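Topology and contacts: notes
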Amino acid sequence: MLKVDCVEKSYKKGGLFSREKQKILKNVSFECRRGECLGIIGESGSGKSTLGRLILGIEKPDRGTVLFEGKNIQDRKVRVGNISAVFQDYISSINPFFTVEEAIMEPLKGQKEIQSKIDHLLNQVGLDPSYRKKYPHELSGGEAQRVCIARAISTEPKCILLDEATSSLDVSVQTQVLDLLKKLKKSYNMSYIFITHDIQAAAYICDRVIFFRNGQIEEIVKTEHLKDVQSEYARKLLQMIITF
Ligand SMILES: Nc1ncnc2c1ncn2[C@@H]1O[C@H](COP(=O)(O)OP(=O)(O)O)[C@@H](O)[C@H]1O
Ligand SMILES: [Mg+2]
């Protein structure tokens, strides 16, 4: 369904006038199937968010392509309504002057029966209809992230990209949000690209996991075979959870 094919990306290193370039993504290729949750695990600075922006089509690769059902994601028509995103900084993801209902309504502009749809979406993410009139600063982290998830599913996309979406939530809230994501994925038959530095969260929700390091794929494994990973980097990450 989503195919990342030989993608490369460099950024200018240093100041505005610098000519030196730093390669952030090096020949990255993988596929995500319909209904699959694919994890991308890597340490901070490894290029995960850059890859995420290319997958969302909001930035252009220097080389290679990102295809959604065979069509280039760079084409706005291909991505609108098909792929959405949830980011880490849930509070700033919502316009501070928007109420919860305005935030959720935003992607639905022009559609019919928006009011009943908002109630349905709030219900889907486990928020009471009384949240409609609240502002972002009145929400807890977990509640704000639920609003972002409601907005992301509002167009019934086939794929959601989650970039560190649960990373800054408390552990207990994190589990609740991961359980919510699992439930929604099933009922909407969506795919997730689950970007994280947290191998535990990835192991909890993902079907397959990509170990990503220095802008490259080190290894791709099915979650049930996580224990059998080969690369040294992946083994090191895994040891961290085993020792806890
Ligand atoms: N727009 C940009 N311009 C220049 N450098 C960037 C830009 N975005 C990211 N980088 C650099 O790319 C590298 C990878 O960043 P990022 O994709 O955010 O990694 P991760 O999400 O894995 O932490 C970092 O060294 C970062 O400084
Ligand atoms: Mg990042």
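Residues numbered from 1 in each chain as written. Chains lettered and ligands numbered in written order. Predicted model: local features only at pLDDT ≥ 70, side-chain atom pairs only at ≥ 80, totals over all residues. Heavy atoms only, no water.

Some remarks on the nonpolar core
- If you look at the biggest cluster of nonpolar residues, it comprises 51 residues, and the most contacted ones within it are Leu184, Tyr192 and Phe211.
- Not counting chain neighbours up to four residues away, the residues in contact with Phe211 comprise Ile41, Ile199, Gln216, Ile217, Glu218, Glu219, Val221, Leu226, Val229, Tyr233, Ala234 and Leu237.
- In terms of nonpolar packing, the next biggest core, distinct from the first, is built from 26 residues, Leu2, Ile24, Cys32 and Phe212 among them. (Core = buried A, V, L, I, M, F, W, Y, C linked by side-chain atoms within 4.5 Å. Buried < 20%, exposed > 50% of the residue type's maximum accessible area, 1.4 Å probe, protein only. Contact = heavy atoms within 4.5 Å.)

Describing the sheet that holds strand 2 (residues 21-32)
- Pairing is antiparallel in the open sheet, where four strands are placed in the order 2-1-4-5. Lying at the two open borders of the sheet, with one neighbouring strand each, are strand 2 and strand 5 (71-72).
- Bridge analysis of strand 1 (residues 2-12) against strand 4 (residues 63-68) gives five bridges, and the strand direction is antiparallel. Bridged to Leu2 within strand 4 is Phe68. (Pairing = 2+ DSSP bridges. Helix = DSSP H or I, 4+ residues; strand = E, 2+ residues; numbered from the N terminus.)

Some words on the packing of aromatic side chains
- Enumeration over the complete set of coordinates arrives at zero aromatic pairs.
- Lys134 extends its terminal NZ or CZ atom over the ring of Tyr131, reaching a point 4.9 Å from the ring centre.
- Residue placement shows Lys182 over the ring face of Tyr204; its charged tip is 4.0 Å from the ring centre. (Phe/Tyr/Trp six-rings, centres within 6.5 Å; stacked < 30°, edge-to-face > 60°. Lys NZ or Arg CZ within 6 Å of the ring centre and 35° of its normal.)

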